[in-house]
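# A closer look at the structure
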Amino acid sequence: MEYNFQEIEQKWRKFWAENKTFKTEENKDKKKFYGLDMFPYPSGAGLHVGHPLGYIASDIFSRYKRLQGYNVLHPMGYDSFGLPAEQYAIQTGQHPAITTEANLKRYREQLDKIGFSFDWDREVRTSDPSYYKWTQWIFKQLFNAYYDYDADKAVVIDALIAKFEKEGNTTVNAEHNCEIEFTAEEWKAFDDKQQSDILMDYRLTYLADSWVNWCPALGTVLANDEIVNGVSERGGHPVEQKLMRQWSMRIKAYAERLLTGLEKVDWTDSIKDIQRNWIGKSTGASVRFALENSEENIEVFTTRPDTIYGVSFMVLAPEHDLVAQITTEEYKEKVEAYQKAAGLKSERDRMSETKNISGQFTGAYAIHPFSGEKIPVWIGDYVLASYGTGAVMAVPCGDQRDYDFAKHFNIEIKNIFADVDISEGAYAEKSGTIANSDFLSGLEVKEAMAKAIAAIEEKGLGKAKVNYRLRDAVFSRQRYWGEPFPVYYQNGIPKMIEDEFLPITLPEVDKYLPTEDGEPPLGNAKTWSWCTNKNILKDNEKQNGTCTWPMELNTMPGWAGSSWYFLRYMDPKNENEFVAKDKVEYWQNVDLYIGGAEHATGHLLYARFWCKFLHDLGFVPFDEPFQKMINQGMILGRSSFVYRIKDTNTFVTFGKRKEHQTTRIHVDINIVDNDKLDQEAFKNWRPEFADAEFILEDDGSYVCGHEVEKMSKSKFNVQNPDDLVEKYGADTLRMYEMFLGPIDQAKPWDTKGINGVHNFLRKFWRLFHDADNNVAISEGEADKKALKTLHKTIKKIHEDLERFSFNTGVSAFMIAVNELTELKCNNKEILEGLTILLSPYAPHIAEELWTKLGHEAGTISYAAFPEFKEEYLVEDAFAYPVSFNGKMRFKAELPTSMSKEDVEKEVLAMEQSQKYLDGKSPKKVIVVPGRIVNIVV
């Protein structure tokens, strides 16, 4: 029979589904392997060929671990809350749940076609109330905890309250933003609201006014990674800075542990460096500068206290609380105008702008803490209110941004570095000798730092400090399609809803836009199920489902559900716990995690934070979620172009384009075959091309131009995997995606090579069949050369998989099949071993051929990975190159066990040797066993 991949693949997909082949159970007698793909967000466009790359790699490795006898957990689910579905709801009125369900169905169909060994019984969706019930529960645990630096971990808030009641807060060593000190007696005298506000300053999730990236068009706050070139990634809408009352997560408390934890995981150095830079640990000093004619002062953090005498001005963030207080009447109008302009820029834009220098003098002056000099106070948008103290002491001679600012506004630049020329730019090196700095003059930088910090502390102006660039994470979104907070407000005090009433489900709303009063979309809700659920509130505090006490109207961000989903896969149906203790203790953390590097400063950081928190409270036995991680490289698209002659609807072929003035236009790759355009299909593609005319090649074809770019719908270079599965089969697609190149490197997509992979599978199929396509497999002892090919391949595939080199494995299979074809090998022992080796890569064809090998019952998925035997690679004979006076004349194949003396005798006795000796006796015979024979005449 011919290799009918469509029939075979459909058959085995059905078999796996009906028999739940990949259903995973906890089995403590077996070693575990947990392989995971990063949570996909199901968009309406479905998958393109770049999406499955990581899934295929993790599936190959998971199947390989099953063959090695591991108990494998390989699940899949969906990050199903998201802005795209909500935007569609706003435009059409269709509930996001309906849109999401349709997208999920499309994704599932596509994933199934590719033959993944996912345990679909463990599927989770972040938008499922049975899942986000536990996201809400975790939020409550964070609310009811604080970070105790003495214990160096999160501790329940009741322990903090007990300390307050016993001794106040003066001895508490915790992460907080509480600005007052109080005694136990004062604490007890505070009313409920005062106590709530103080505890809010310590809680790991807390309410606070914070500057956010606000997108008016989308009606929501955006994270930095949701903004591109100053506008929203979705829709390209303007983004501005806005002060809003938000829930935040005190991730900064974990900054040091997030840094040190990187030493325990097997991640690439590049990803670790991205996280280290994002966390941004720096040591230095906190210093207070008094303000002229004011009781207020400006606090700054500096990593270079040794340069304090180089301060010639100060810069506050435009949003800094002090700006309105210190700005003089003369500069008030200009300052307010500058603040308004700065508010229209995103944080990312302000951080990245280096050429557009801007600022505004406030009219106020600070007093230098050592020299007593007056220092002008400016505002500038390169300083962020949300980073550090929102203020910098500007030392233009030692910092290039300060230098550029000073040059632009003609501010004095003091040089405090000995023998350094700063006429062309700042001196940013952390070495050299300090000058013009009173008691610090003549000291080397390191010594000057220590002395400056000592003086600052001695004068009571500040203290030595470790600072982190990492900021607390805003946790509120003004969206409908997200997890509701389990929070209501009683007299302005946030209250957590009891566990028995979780989940707080999304209420129905008439529209998905903010209310007329500017409240988030949930403000449109007329009823909340929680309010009619049980008698949680007094009867006179609830009426017909309308909560007397207002609910929290923001929803949680997308990263809430994706921060812990790897735990829920271990126990997805548990209604009483987010994960049972025995299951999390068995599966532990993820052994192999595959996904994109673009999540380094978002999902990966937040998941590590939540994992450490859950570990602190004893819910999970590990504090790093992902032990080994591989970041798959992007598959790039091969775009095609047509060339339209200016002011016409005539298109000239690539080879003749230089003869005309043309505009290059992207064209759908699906109407291009081997760079040749289907001209009729092009005319039918878009209405404006219906009457297109062509200047063609001499053979009548239209040849397109091409270029490798990011795969994108806008470039019409997206390749749908469904089309390739239909044309070549899923096994071909799986192997070809791996064959393109190393998993962690970007690579261009080009279907020119896919025929070669498909032909390989057909050639593999033919090893099992005779010329009439009947199964023809021989029993008995295998040929030694065939055994050598098999065991060479076993060794190669094992080694390649252990180092995640999937592409070289495909090459090894091709070599093996070529060698066995040449040997006309159809031996059962050989074919059985090779089929098992191939099964992780091409599971459908492997399952089919497994049955032809006589394994009618069961599945190849749980066969044993072939054992490598070195003995089959040991050569019985060696073809010695025989040289005369250094020139190779012929080869002599002799047993490898033969001694030097016997090799010499055997070679000299050969007819070819006698010919070259020509009756002469050799002067010398050199034999290197297993290498060469050289005869000197």
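All of the points below concern the structure found in this document. The structure displayed is predicted, hence computed values, not measured ones. (Residues numbered from 1 in each chain as written. Predicted model: local features only at pLDDT ≥ 70, side-chain atom pairs only at ≥ 80, totals over all residues. Heavy atoms only, no water.)

So, about helix H2 (residues 52-67). The terminal C-alpha atoms of H2, which comprises 16 residues, lie 22 Å apart, in line with the 22 Å expected from a rise of 1.5 Å per residue. Downstream of H2 by one or two residues, Gly69 has phi in the positive range, about 95°. (Helix = DSSP H or I, 4+ residues; strand = E, 2+ residues; numbered from the N terminus. Expected span 1.5 Å × (residues − 1).)

Below, the discussion takes up the pairing of strand E24 (residues 635-645). Burial within E24 is extensive, with nine of its 11 residues counted as buried. Of the pairings in the sheet, the one linking E24 to strand E31 (residues 747-748) comprises two bridges and is parallel in character. Following the sheet pairing, Leu636 is matched in E31 by Pro748. As judged from the six bridges shared by E24 and strand E30 (residues 705-710), these two strands associate in the antiparallel manner. By the bridge assignment for E30, Ser640 is matched with His706. Here two bridges tie E24 to strand E25 (residues 650-652), and the two strands are oriented antiparallel to one another. (Buried < 20%, exposed > 50% of the residue type's maximum accessible area, 1.4 Å probe, protein only. Pairing = 2+ DSSP bridges.)

With respect to the helices and strands, His844 occurs in helix H28 (residues 843-852). Classification of His844 as buried rests on a relative accessible area of 0%. Here His844 is in contact with Ile8, Glu9, Trp12, Arg13, Trp16, Ile114, Gly115, Ala730 and Asp731, once residues within four sequence places are set aside. (Contact = heavy atoms within 4.5 Å.)

Core analysis: the biggest nonpolar cluster contains 94 residues, and Trp247, Phe475, Leu567 and Trp610 have the highest contact counts within it. Here this core gets nine residues from one element, more than from any other, and that element is helix H20 (residues 603-616). (Core = buried A, V, L, I, M, F, W, Y, C linked by side-chain atoms within 4.5 Å.)

This paragraph deals with the sheet that holds strand E34 (residues 924-928). The strand order across the open sheet formed by four strands is E33-E32-E35-E34, and the pairing between neighbours is mixed. In the strand order of this sheet, the two ends are held by strand E33 (887-895) and E34, each with one partner. Strand-to-strand twist of the sheet, defined as the mean angle between neighbouring strand axes without regard to direction, takes the value 20°. In this sheet, strand E35 (residues 932-936) lies alongside E34 in antiparallel orientation, the contact comprising five bridges. When the sheet's bridge partners are listed, Lys924 is paired in E35 with Val936. (Axes fitted to C-alpha atoms, helices over the stretch in contact; angles between N-to-C directions.)

A full pass over the atoms with the stated rule returns 44 salt bridges. Between Lys113 and Asp722 there is a salt bridge, with its nearest N and O atoms 3.9 Å apart. Of this pair, Lys113 sits in helix H4 (residues 96-113) while Asp722 sits in helix H22 (residues 721-728), and the two are 609 residues apart along the sequence. Classification of Lys113 by relative accessible area gives partly exposed; the value is 33%. The partner of Asp675 in a salt bridge is Arg638, with the nearest N and O atoms 2.8 Å apart. One end of the pair, Asp675, is in the loop between strand E27 (672-673) and strand E28 (676-677); the other, Arg638, is in strand E24, with 37 residues separating them in the sequence. (Salt bridge = Lys/Arg side-chain N within 4 Å of Asp/Glu carboxyl O.)

With that out of the way, let us pick up the packing of H4 against H22. Where H4 contacts H22, the axes come no closer than 10 Å and their chain directions differ by 35°. Like other packed secondary-structure pairs, H4 and H22 cross with a definite hand, here left-handed. Residues Arg106, Gln110 and Lys113 of H4 pack against Pro721, Asp722 and Val725 of H22. (Left-handed = near helix turned anticlockwise from the far one by under 90°.)

Take helix H6 (residues 157-167) next. Listed in full, the buried residues belonging to H6 are Ile157, Leu160 and Phe164. In a view along the axis of H6, the buried residues occupy a sector of 55°, so they form one face of it. Looking at H6, the residues exposed on the side facing more than 90 degrees away from the buried face are Asp158 and Lys166. Where H6 is buried, its residues touch strand E3 (145-148), strand E4 (153-156), helix H7 (184-189) and helix H8 (192-200). Gly168, located one to two residues past H6, shows a positive phi value of around 75°. (Arc of directions from axis to C-beta.)

A cluster of basic side chains, namely Lys252, Arg288, Lys463 and Lys465, defines a positive patch on the protein surface. Examined against the element boundaries, Lys465 turns out to sit in strand E16 (residues 462-468). Owing to a relative accessible area of 33%, Lys465 belongs among the partly exposed residues under this scheme. (Patch = residues over 30% accessible without salt bridge, like charges linked within 9 Å, V, L, I, M, F, W, Y side chains within 5 Å. Areas by Shrake-Rupley, 256 points an atom, 1.4 Å probe, with all protein chains shown as cover. Lys, Arg positive; Asp, Glu negative; His and termini not counted. Charge placed at Lys NZ, Arg CZ, Asp CG, Glu CD.)

Residue Pro503 is bonded to the preceding Leu502 through a cis peptide linkage, with omega at 5°. Of note, Pro503 is situated in the loop between strand E19 (493-496) and helix H16 (529-533). The phi dihedral of Asp647 falls on the positive side, at around 65°, and the residue is not glycine. Relative to the helices and strands, Asp647 is located in the loop between E24 and E25. Despite not being glycine, Asn773 shows a phi value in the positive range, around 65°. Relative to the assigned elements, Asn773 resides in the loop between helix H24 (754-766) and helix H25 (784-802). Since its relative accessible area comes to 21%, Asn773 is described here as partly exposed.

Before going further, it helps to spend a moment on the side chain of Lys65. Following the sequence through the fold, Lys65 ends up in helix H2. The buried charged residue Lys65 lacks any salt bridge partner; its closest oppositely charged side chain belongs to Glu802, at an N-O distance of 4.4 Å.

With that out of the way, let us pick up the packing of aromatic side chains. Following the criterion strictly, the structure yields 75 aromatic pairs and no others. Between the aromatic rings of Phe475 and Phe485, the centroid separation amounts to 5.9 Å while the plane-to-plane angle is 80°, which identifies the pairing as edge-to-face. With Phe475 in the loop between strand E17 (473-474) and strand E18 (487-490) and Phe485 in the loop between E17 and E18, the pair connects residues that are 10 residues apart, well separated along the chain. A ring pair is formed by Phe578 and Phe619, whose centres lie 6.0 Å apart and whose planes are at 80°; its orientation type is edge-to-face. Linking Phe578 in the loop between helix H18 (565-568) and helix H19 (581-587) with Phe619 in the loop between H20 and strand E23 (629-631), this pair joins segments that are 41 residues apart in sequence. Note on Phe578: relative accessible area 3%, which makes it buried. If you follow Arg108 out to its NZ or CZ, it ends over the ring of Trp120, 3.8 Å from the centre. Here the basic side chain of Lys374 rests over the ring of Tyr365, its NZ or CZ set 4.6 Å away from the ring centre. (Phe/Tyr/Trp six-rings, centres within 6.5 Å; stacked < 30°, edge-to-face > 60°. Lys NZ or Arg CZ within 6 Å of the ring centre and 35° of its normal.)

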